[in-house]
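# Observations on chain architecture
The lines below spell out each chain.
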Amino acid sequence: MNWANAIVQGLLLGGLFALFACGLSLLFGVIGVINLAHGDLAILGAYVAIAILPSTHTNALWALLFVPPIFAAFGYVSQRTLLQRSLDNGPLTTLLVTFGLSVVLQNALLEGFSADSHSLSIGKLATDAFRVNSTIAISYLRLGILVVAITVLAGVQLFLARTSTGRQIRAVADDGEAAAISGVNTRHITGIAAGIAFLTVALAGMAFGTYAQFAPTSGSNLLLFAFEAVIIGGLGSLWGTLAGGCVLGLAQTIGAQIDPSIGTLSGHLVFLAVLAVRPSGLLPAKAFG
Amino acid sequence: MTQTPVATPPASPHVRVRRSTRASRWSLVPALVVLAILGYLPYIAGQGTTSLLVDFFILLTLGVTWNMLAGYAGLVSVGQQAYIGVGAYGVLWLAQHGFEPFVALPIAAVFCAVIAVPISWLVFRLRGGYFAIGTWAVAEVLSLLTIRDSSLGGGTGTNVPGLNGFDPTVLGAYTYWAALAVVVSALAGCYLLLRSRVGLALTAVRDDEVAARNVGVRVPRAKRAVYLAAAVGAGGAGALLAISQLNVEPQNVYGVQWSAYMIFVVLIGGIGTLEGPILGTIVFFVLQRTLASYGGWYLIIVGTVAVVMAVWMRKGMWGLAERFGLRLFPVGYRVTDESR
């Protein structure tokens, strides 16, 4: 590793963080739910992929056909049932409920899959890379994840900006009561938003599963990284989230370049520095879209 | 501008505003009796009982202080393990530098308030759920910084020196009394803090923050006071943990599982009351001991119960008792109609 390579790898890592952060940001922006089970849901997505695939040697890309739709449905249903109910009790309740869910999920995964780490196999794609020069090698997988992240963010942005459902989602995010008066079925709309958020969570979890080894307890760190990307980038701005993810990715790889044991720590420290100096984030936006 | 005279409301002789209830006035007597018995316990009970109670007191201290934070100040923190860790490592560091661990305990707890001041500047910039994750990130940072110090045992932790010299029975009794002192201070501290101006301000904020600000409640100050007090509580609990386990392990003391325990205790017992966490700790503790042999299942069961309670039984188990007008440690005011 050298500095140039650390920067390239950091930007690529940022794509993964942005993908994680997208769902967190969307769920909070539209529904007002801070999902403390976000990281554990992502890990659940990776485990569902393992459970669905017939053998550990099957290319995990096949699971892409099944896991995201399952999660989208799961998101819609949980919003219409548990999340909406806890929202009716006030924002604090959703925090407590999602934190409780996170503990339940983590321990259920521990019981079901043991504490051993797993990974999703995607064949040669996981190791193939093209060399830019003698020191910089770009893995196709990591580049692919960055492309997926940008596509997802752009897709969500376009969906919110251009479609009728997207407009209704923005209306609900802006003022739920006013939207309801104008005839928006707010519960259905927030359900759809939750479905999209969960879909991106599943994508992020599977991307992480191909990227690194994961265990039932890996979710907590992912939640922190997603959250830090959101805050660094600025609340409510999806492109800010991408920038935030890249800053966090850079902080981690450059930190690891200085001393391999401080990668995660330097990411956290950059987050705290942004919080201290510029709490509104790098690219703050007023609302979605 | 002249001051407009404030019209005094017509005095109504039949209505009285009072804090205490008959039950609460009488509950002080049994509370003192229970305290006396608990204080005398090491002379009559075995070490198994007292060390079990130490674990119980640690959990109770955490539950009571977290409830003050979330239930009264509306600050849902999932990062109190930061102060558990600092409290535990504080005792370790002071013991390594020649302090008696039992003397180090209060120093470490107070030190938590000191480092909570700059931390509160950072995390108070975040609201609601982002505050929750922010506190968690701070706890991670402190944990990652701590394990870099090899004199504190690095990533594996180390023994607390200065505890070997004690006779095991005496050490057990001292630890128990220290735990009792911590939990009684935490309970009394919360009770007094919530009955003070700070408590009144917080209740106003919890009910309607904008209105409270408008009538001049200094919201950030009240919240910060509670945050610092809760840091001391968690620090005391962490210091106790170090002494009772004789060693400090970073994964344990900085573990997010402590936040899970605090939240479950408070949710099961009833958030926003002083009695709730006490009841919740008893229930959680019994569940923990009974289901311990089922491994991870106990957290699945307790977590599910807590989620169900948060959604469908918001006031927890103490809420059931309150329906019958039972109130042991009232911190609010009640209007009673005396005309009947």
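These numbers were taken from a predicted model, which means no experiment stands behind them. (Residues numbered from 1 in each chain as written. Chains lettered and ligands numbered in written order. Predicted model: local features only at pLDDT ≥ 70, side-chain atom pairs only at ≥ 80, totals over all residues.)

### Here's the deal with the overall build of chain A
- From N to C terminus, chain A includes 11 helices and two strands.
- Reading chain A from its N end, one meets helices and strands in the order α-α-α-α-β-β-α-α-α-α-α-α-α.
- In terms of overall dimensions, chain A is globule-like: its C-alpha atoms have a radius of gyration of 19 Å, near the 19 Å expected for 289 residues.
- Expressed along its principal axes, the backbone C-alpha trace of chain A runs to roughly 60 × 45 × 35 Å.
- Counting every position in chain A, which comprises 289 residues, the buried fraction comes to 53%.
- Intrachain contacts of chain A at a sequence separation of at least 6 include 77% that bridge at least 24 residues. (Helix = DSSP H or I, 4+ residues; strand = E, 2+ residues; numbered from the N terminus. Rg over C-alpha atoms; globule rule 2.2 N^0.38 Å. Buried ≥ 20, exposed ≤ 12 C-beta atoms within 10 Å, placed from the backbone. Contact = placed C-beta atoms within 7 Å.)

### Topic: the interface of chain B and chain A
- Chain B puts 31 residues into the contact, and the matching count from chain A is 37 residues.
- Contributions of two or more residues to the side of chain B that touches chain A are made by helix H5 (128-146), helix H11 (257-269) and helix H13 (297-312) of chain B.
- Per-element tally for the side of chain B that touches chain A: the top contributor is H5 of chain B, with 10 residues.
- Grouping the constituent residues of the side of chain B that touches chain A by class yields 22 nonpolar, six polar and three charged. (Nonpolar A, V, L, I, M, F, W, Y, C, P; charged D, E, K, R; others polar.)

### Quick look at the packing of helix H9 (residues 219-233) of chain A against H5 of chain B
- Orientation of H9 of chain A relative to H5 of chain B, taken along the N-to-C sense of each, is 115°, at an axis distance of 10 Å. Like other packed secondary-structure pairs, H9 of chain A and H5 of chain B cross with a definite hand, here left-handed. The segment H9 of chain A lies against H5 of chain B, with Leu223, Leu224, Phe227, Glu228 and Ile231 of chain A engaging Tyr130, Ile133, Trp136, Ala137 and Glu140 of chain B.
- Its residues placed into classes, the contact of H9 of chain A with H5 of chain B shows eight nonpolar, no polar and two charged. (Axes fitted to C-alpha atoms, helices over the stretch in contact; angles between N-to-C directions. Left-handed = near helix turned anticlockwise from the far one by under 90°.)

### Here we look at the environment of Leu199 of chain A
Residues and elements named next belong to chain A.
- Mapped onto the elements of the fold, Leu199 is located in helix H8 (residues 186-211).
- Considered as a pair, Leu199 and Pro68 are 131 residues apart in the sequence and their alpha carbons are 4.9 Å apart.
- Residue contacts for Leu199: discarding those within four places in its chain leaves Pro68, Phe71, Ala72 and Gly75.

### A word on the nonpolar core
- Ranked by internal contacts, the top residues of the largest apolar core, which has 201 residues, are Leu19 and Ala226 of chain A together with Val91, Val226 and Leu240 of chain B.
- Contacts of Leu240 of chain B, omitting those with residues within four sequence positions, involve Val54, Ile58, Leu105, Ala178, Ala179 and Val182 of chain B. (Core = buried A, V, L, I, M, F, W, Y, C linked by C-beta atoms within 7 Å.)

### As for helix H6 (residues 164-174) of chain A
Residues and elements named next belong to chain A.
- The complete set of buried residues in H6 reads Gly166, Gln168, Ile169, Val172 and Ala173. Viewed along the axis of H6, the buried residues span an arc of 160°, placing them on a single side of the element.
- Buried residues belonging to H6 abut helix H1 (3-31), helix H5 (140-162), helix H7 (176-181) and H8. (Arc of directions from axis to C-beta.)

### Looking at the environment of Leu125 of chain A
All names here are of chain A.
- By the secondary structure assignment, Leu125 is in the loop between helix H4 (91-113) and strand S1 (129-131).
- Residue classification places Leu125 among the partly exposed positions, given that 15 C-beta atoms sit within 10 Å.
- C-alpha of Leu125 to C-alpha of Leu141: the two residues are 16 residues apart in sequence and 6.1 Å apart in space.
- Once you skip the residues sitting within four places of it in the chain, Leu125 turns out to touch Tyr140 and Leu141.

### Overview of unusual backbone geometry
- One non-glycine residue, Ser114 of chain A, lies in positive phi territory at about 65°.
- Within the element layout of this structure, Ser114 of chain A appears in the loop between H4 and S1.
- According to the C-beta neighbour criterion, Ser114 of chain A is exposed, with 11 such atoms within 10 Å.
- A positive phi is found at Leu246 of chain B, a non-glycine position, where the angle reads about 65°.
- Structurally, the position occupied by Leu246 of chain B is in the loop between helix H9 (219-245) and strand S3 (247-248).

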